[in-house]
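Reading the structure
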Amino acid sequence: MNYIELTVPDSMRNHGTMWSRWKNRGVPAYLLALVLTGFYVMVYWFPEPLAPLASLLDPLAHLLRGSVADRWFLYGTIYTVAVLVMGARMLLRYRTQRYHVYRTLTLMTVQLMMSYLIPALLARMGSKEFYFSYFWPLKPEYLFPSNISALVQSDNGLLMFMGFWTIAMTVVATPVLTYFYGKRWYCSWVCGCGALAETAGDPFRQNSDKTLAAWKIERWMVHSVLATIVAVTGLIWWANIDPTSPIAPYAHEANRVYGFLIGSVFSGVIGVGFYPLMGARVWCRFGCPMAAVLGLLQKYASRFRITTNGSQCISCGNCSTYCEMGIDVRAYAQRGEDIKRASCVGCGVCATVCPRGVLKLENH
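Computed from a predicted structure; not experimentally measured.

**Some thoughts on the packing of helix 5 (residues 71-93) against helix 6 (residues 98-124)**
The geometry of helix 5 relative to helix 6 is characterised by a closest axis approach of 10 Å and an angle of 165° between their N-to-C directions. Taken together, helix 5 and helix 6 sit at an angle that is classed as roughly antiparallel. Every pair of crossing elements has a handedness; the one defined by helix 5 and helix 6 is left-handed. Contacts between helix 5 and helix 6 involve Phe73, Gly76, Thr77, Tyr79, Thr80, Val83, Leu84, Gly87, Ala88, Met90 and Leu91 from the former and Val101, Arg103, Thr104, Leu105, Leu107, Met108, Gln111, Leu112 and Tyr116 from the latter. Of the residues that constitute the contact of helix 5 with helix 6, the class distribution is 13 nonpolar, 6 polar and 1 charged.

Laid out in structure tokens, this is it:
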């Protein structure tokens, strides 16, 4: 008898994945990547062709925002629908696993409420749009002096709350929650980027690069992006304190370049457009500065780890194959060594696909 057949529910089996042209870099996968990439290019830089499509959402935009739909409302709507629809697929697929059910429901709720409905309703109220699920450094402008001053010093209680929320989540909640739960509390339960990756990107998780070279590139690249946004934020504050400084013009230009290369090209065009070819966590793994911060805290100051029972490992390789962050989980399991990697987002799929129960997500 095949032990995997007996213990893995039908909904979670991955039969045929490596032969699927959609899921394993076949021609359809390349065509899908081209479509996704083209869509992001249009959203960011050539929105005119999207205007007729956006106009179809005018009734919804008037209801939620009190204005006509623009490209960003169109993008937000498509993004949210993708999370909800593919989230329903996740709920069906992992229906026997409480961890995945709770995690997916949380991601769907946060995306719908905090990243779609609430920002739209704030705009309808005449307030600035605000995304409560994003913080610095993933949303760097939230910690820029102009934004902080406008929010904290406002007479509007709601705006003041936004300002204090930004500071509290960045300075207090991030280290505290990461200490107790690792980076999974954000990357796999709250973040909008993670929400799309864990739902719409689930069919492509096996395409993450598992090579040693990819791991080396990952380490220097993600920390380079973090160092860059720290420097940009510092320059913006310097320019605010001393507007006459010769650095001031360069500070704003550096922010503009960062927004183009990292905020648009990397996180959007490559980060989502390349799902079918490189897996769903390309941005989270190689570029997200928030993931870099949380990863450092997780590795050196967190109680979270994935424990292993090496004596039960049969070296099937399921855990490594379906790790969306490219971690060689099997190597840790074979050694009976706990996994406490900075890149691990705690999605828990490695433990789910293991036929022997070798892996467990724990907080020590």
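**Things to note about the pattern of salt bridges**
The final tally for this structure, using the stated rule, is 15 salt bridges. With its nearest N and O atoms 2.6 Å apart, the salt bridge here joins Glu253 to Arg256. With a gap of 3 residues between them, Glu253 and Arg256 both fall in helix 12 (residues 248-273), about one helical turn apart. Assessed through its relative accessible area of 37%, Glu253 is described here as partly exposed.

**Focus: helix 5**
The periodicity of an α-helix, 3.6 residues per turn, causes residues three or four places apart in sequence to face the same way. Over its 23 residues, helix 5 extends 32 Å from the first C-alpha to the last, a length consistent with the 33 Å expected when each residue adds 1.5 Å. The N-capping residue of helix 5, defined by a side-chain oxygen 3.2 Å from the backbone nitrogen of Trp72, is Asp70.

Parameters and conventions
Residues numbered from 1 in each chain as written. Predicted model: local features only at pLDDT ≥ 70, side-chain atom pairs only at ≥ 80, totals over all residues. Heavy atoms only, no water. Axes fitted to C-alpha atoms, helices over the stretch in contact; angles between N-to-C directions. Helix = DSSP H or I, 4+ residues; strand = E, 2+ residues; numbered from the N terminus. Parallel < 35°, antiparallel > 145°, perpendicular 65-115°, else oblique. Left-handed = near helix turned anticlockwise from the far one by under 90°. Contact = heavy atoms within 4.5 Å. Nonpolar A, V, L, I, M, F, W, Y, C, P; charged D, E, K, R; others polar. Salt bridge = Lys/Arg side-chain N within 4 Å of Asp/Glu carboxyl O. Buried < 20%, exposed > 50% of the residue type's maximum accessible area, 1.4 Å probe, protein only. Expected span 1.5 Å × (residues − 1). Polar contact = N/O pair within 3.5 Å; in protein donor to acceptor, adjacent residues only side chain to side chain.

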